[in-house]
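Architecture and fold: a report
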Amino acid sequence: MKKRKSTLPFAGTKEQEAQLMTVIDEHRGDPGALMPVMQKAQDIYGYLPMEVQSMIAKGLGTSIEKVYGVATFYSQFALTPKGRYTISVCLGTACYVKGAQKLVDAITKSLGIGPDECTEDGLFSLEACRCIGACGLAPVMTINDEVYGRLTEKDIDGILAKYKA
Amino acid sequence: MYRSQVLVCGGTGCTSSHSKEIREAFESQIRDKGLDQEVKVVQTGCFGLCALGPIVIVYPEGCFYSRVKEEDVAEIVEEHLLKGRIVKRLVYDETVAEEGHIKSLNETNFYKKQKRVALRNCGVINPEVIDEYIAMDGYQALGKVLTEMTPQEVIQVVKDSGLRGRGGGGFSTGLKWSLAAANEADQKYVCCNADEGDPGAFMDRSVLEGDPHAVLEAMAIAGYAIGASQGYVYVRAEYPIAVHRLQVAIEQAKDYGLLGKNIFGTGFDFDVEVRLGAGAFVCGEETALMTSIEGNRGEPRPRPPYPALKGLFQKPTILNNVETYANIPQIILNGAEWFASMGTEKSKGTKVFALGGKIHNTGLVEIPMGTTLREIIEEIGGGIPGGKKFKAAQTGGPSGGCIPASLIDTPIDYDNLIAIGSMMGSGGLIVMDEDNCMVDIAKFFLEFTVDESCGKCTPCRVGTKRLLELLNKITKGNGTMEDLDKLEELCYYIKENALCGLGQTAPNPVLSTLRYFKDEYIAHVQDKTCPAGVCKSMLKYSINDDKCKRCSLCTRVCPTGAIEGTVKNPHKINTEKCIKCGACKDACKFGAIEIH
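All of these numbers come straight from a predicted model, not from anything done at the bench. (Residues numbered from 1 in each chain as written. Chains lettered and ligands numbered in written order. Predicted model: local features only at pLDDT ≥ 70, side-chain atom pairs only at ≥ 80, totals over all residues.)

Some details on the overall build of chain A
In plain terms, the rule: Secondary structure is summarised from DSSP: a helix means a run of H or I of at least four residues, a strand means a run of E of at least two, and numbering begins at the N terminus for each. The exposure scheme places C-beta atoms from the backbone and then counts, for each residue, the other C-beta atoms within 10 Å of its own, assigning buried at 20 or more, exposed at 12 or fewer, and partly exposed in between. The contact criterion used here is simple: two residues whose C-beta atoms, placed from the backbone, lie within 7 Å are in contact.
Scanning chain A from N- to C-terminus turns up 7 helices and 5 strands. On the principal axes, the C-alpha backbone points of chain A span a range of 50 × 30 × 25 Å. Among the 165 residues that make up chain A, the fraction classed as buried is 37%. Taking as baseline every contact in chain A between residues at least 6 positions apart, the subset at least 24 positions apart corresponds to 62%.

Structural data, given as structure tokens:
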């Protein structure tokens, strides 16, 4: 999967850096520490810009190539910042056969963004995800931690309006 | 002692429809009524009937309340818990007998044919309380193994039971253990595959959410059998509830001395650590999963050497799937013969399926091997909604295939599924009706595989991409009969040459649809139509003049102005301008818009 790198300037704070260093210190020497550290780094910064990847590489004594390789391999590592609200439409099989693609189309129509894009005001980003396991509620989407199930494309505008307020 | 227990489902499906708020409402209202010494509220794992969630069951009556809302709680507390009158309007109608009394859940069509082994504690105990697991004979199997059995005896029991890997391949679990046990090493590992990447499958998640200790106990048993002291559970990060409960379970087991050093005073040490996946389907493949735990890009390694010799950190390792482990404590306690008495000749025991798609009773079902697809779909699943016709069932996710209606009486087991061109997979079972286009479904899975191919070997990286291009061409109406031959040839080439199991099985969705639904492919190629009406670029919208009332509503909603006509005059769609968005069809109140 191709990933886009962020073109926005890095805006990390000293506090975030201190948190990251604590995480790195805790994991240094553990076998296979790289991924847990990257996951926590993403929790701290929201995404993994090159600056953060190089701090991790330095802290764990590994190469930036290796960190970048891992970051681009797994779909959960984001190299671009996400919107304040991340809309994630499940495109697992159960949701797909029940019309999840129509939800994506409706969101794209409403917000003007496609999958892996963020609205200009930074409010929404859209992603397609693979099965969150709530197949009984198919088709499903989540906005941050809130789950919306048994949706039709007609529900989309009403749901999005709640977040625009 | 409590006189009544209120069980609230805390699985992902019900949690998504606010079962947590419902549980909290029960707790606070029961307290307000002064019933908190008499009635206990319990959060459980998945009951299985996710279609009716959120689910609440009240014991001792066994009253099954479905689609409960937060507003309903007051009524249940007031009427049922205080006055002893069941709230009939919320009860699942199948559990109400004609005379009006409540029937046992086991008498309903959904549960009648099920046999719960791996799921036996799901929806019964509170997964976050270790004492409830122990009360259900939990950790007894581990005690028996450590104090009464040698590692060889444990392996023999697992071998004799006939248990095969529930993650997909179906390799003998006992044999796998014996291979790792035979290799000498200073350190060995026991891994659990909970990276349920198959879209539309949620069996493993439900086991982890409903009965996490069963998996931990089984891993410790496996550790004793092969001589390992460290276990890893590799679980999807998309499963926050499962991860949380697993971590709670590990902490509690450590506190009780059931994990850690010197378990049961026998000198046996075993520890378990949770590792989170980061969203890569290929990490469900065993060598890729181990590479990922090591902190690398999760690319598969060539086998041999097999993990039994050189697995995680180059040490002998066994990897089993969550559901496989969930069977182990029961096999140890009840014996190999008990387990082998269920199922078919070569597939013993039960299998959990996540039933989804176009079916009434979506949810989690556990059936003895050898149950037919018809029993699962028509009886347990309650058939297809909207009076539509059953077209196919998809098993095995992106590695599996579609089973057509003509084979609905096939008894489900490992070997039968392979013989008809699908596979068991981890247990996703997606039902499709006449509105689903099989070429589109094949395309859907190939899009998935192309996206998830790790890129290490050429047959998978390039081959699947070419397959997808051919499918795109066909669904756009540009395919030729020659393309169908090419498609098939390339499928066999990828199957034979890809490095790992995922690449080798990636063409299965195409092959099985080509085998059973070739007429649909031919319709796309020769007649340039999509019989199910899914493939957009082949659709033609038109207005049925007999049904049209000439209201002109469609002309106003059309975003491209493709519909000509004014009030009281005939309407017509200009197919060159039409973008097939369907807005007119949604707007027309008379069903006059037709799609061909």
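Now, onward.
Some details on the sheet that holds strand β2 (residues 39-44) of chain B
Strand-to-strand pairing in sheets goes through backbone hydrogen bonds, with the strands running parallel or antiparallel. Residues and elements named next belong to chain B. To be explicit about the condition: Note on pairing: two strands pair once DSSP finds at least 2 bridges between them. Geometry is summarised by axes, namely lines fitted to C-alpha atoms with helices restricted to the contacting stretch, and by angles between N-to-C directions that run from 0 to 180 degrees.
In space, the 4 strands of this open sheet follow the order β2-β1-β3-β4, with mixed pairing throughout. Sheet topology places β2 and β4 (63-65) at the edges, where each strand pairs with a single neighbour. Between one strand and the next, the sheet's axes are offset by a mean angle of 20 degrees, whatever the strand orientation.

Some points on the interface of chain B and chain A
The cut-off we apply is this: Three categories are distinguished: nonpolar for Ala, Val, Leu, Ile, Met, Phe, Trp, Tyr, Cys and Pro, charged for Asp, Glu, Lys and Arg, and polar for the others, with Gly belonging to the last.
Facing 39 residues of chain B, the contacting portion of chain A comprises 31 residues. Contributing elements (two or more residues each) for the side of chain B that touches chain A: α1 (12-16), β10 (350-357), β14 (428-433) and α17 (438-452) of chain B. Across the side of chain B that touches chain A, the residue classes tally to 15 nonpolar, 18 polar and 6 charged.

Focus: the environment of Thr-555 of chain B
All names here are of chain B. With respect to the element layout, Thr-555 can be found in helix α23 (residues 553-557). Using a count of 19 C-beta atoms within 10 Å as the deciding quantity, one classes Thr-555 as partly exposed. Each C-alpha atom of the pair Thr-555 and Val-567 lies 9.7 Å from the other, and the pair is 12 residues apart in sequence. Ignoring sequence-local partners within four residues, the contact set of Thr-555 consists of Ile-563, Gly-565 and His-571.

So, the domain arrangement of chain B
All names here are of chain B. Just so we agree on the cut-off: Marked domain ranges trace back to an automatic or database domain assignment.
With domains assigned, chain B is organised as domain 1 (4-111), domain 2 (130-339), domain 3 (350-433), domain 4 (438-527) and domain 5 (540-595). Here the C-alpha centroids of domain 3 and domain 4 sit 22 Å apart. The partner domain 4 presents 16 residues to the 11 residues of domain 3 that form the contact. In terms of residue count, the dominant contributor to the side of domain 3 that touches domain 4 is strand β13 (residues 401-404) (3 residues). Among the residues forming the side of domain 3 that touches domain 4, the class breakdown is 6 nonpolar, 5 polar and no charged.

Points about the sheet that holds strand β2 (residues 117-118) of chain A
Residue and element names in this part refer to chain A. In space, the 5 strands of this open sheet follow the order β2-β3-β1-β4-β5, with mixed pairing throughout. Edge strands, defined here as strands with exactly one partner in the open sheet, are β2 and β5 (146-148). Relative to β5, strand β4 (residues 141-143) runs antiparallel, the two sharing 3 bridges. Paired with Ile-143 across the strands is Glu-146, a residue of β5.

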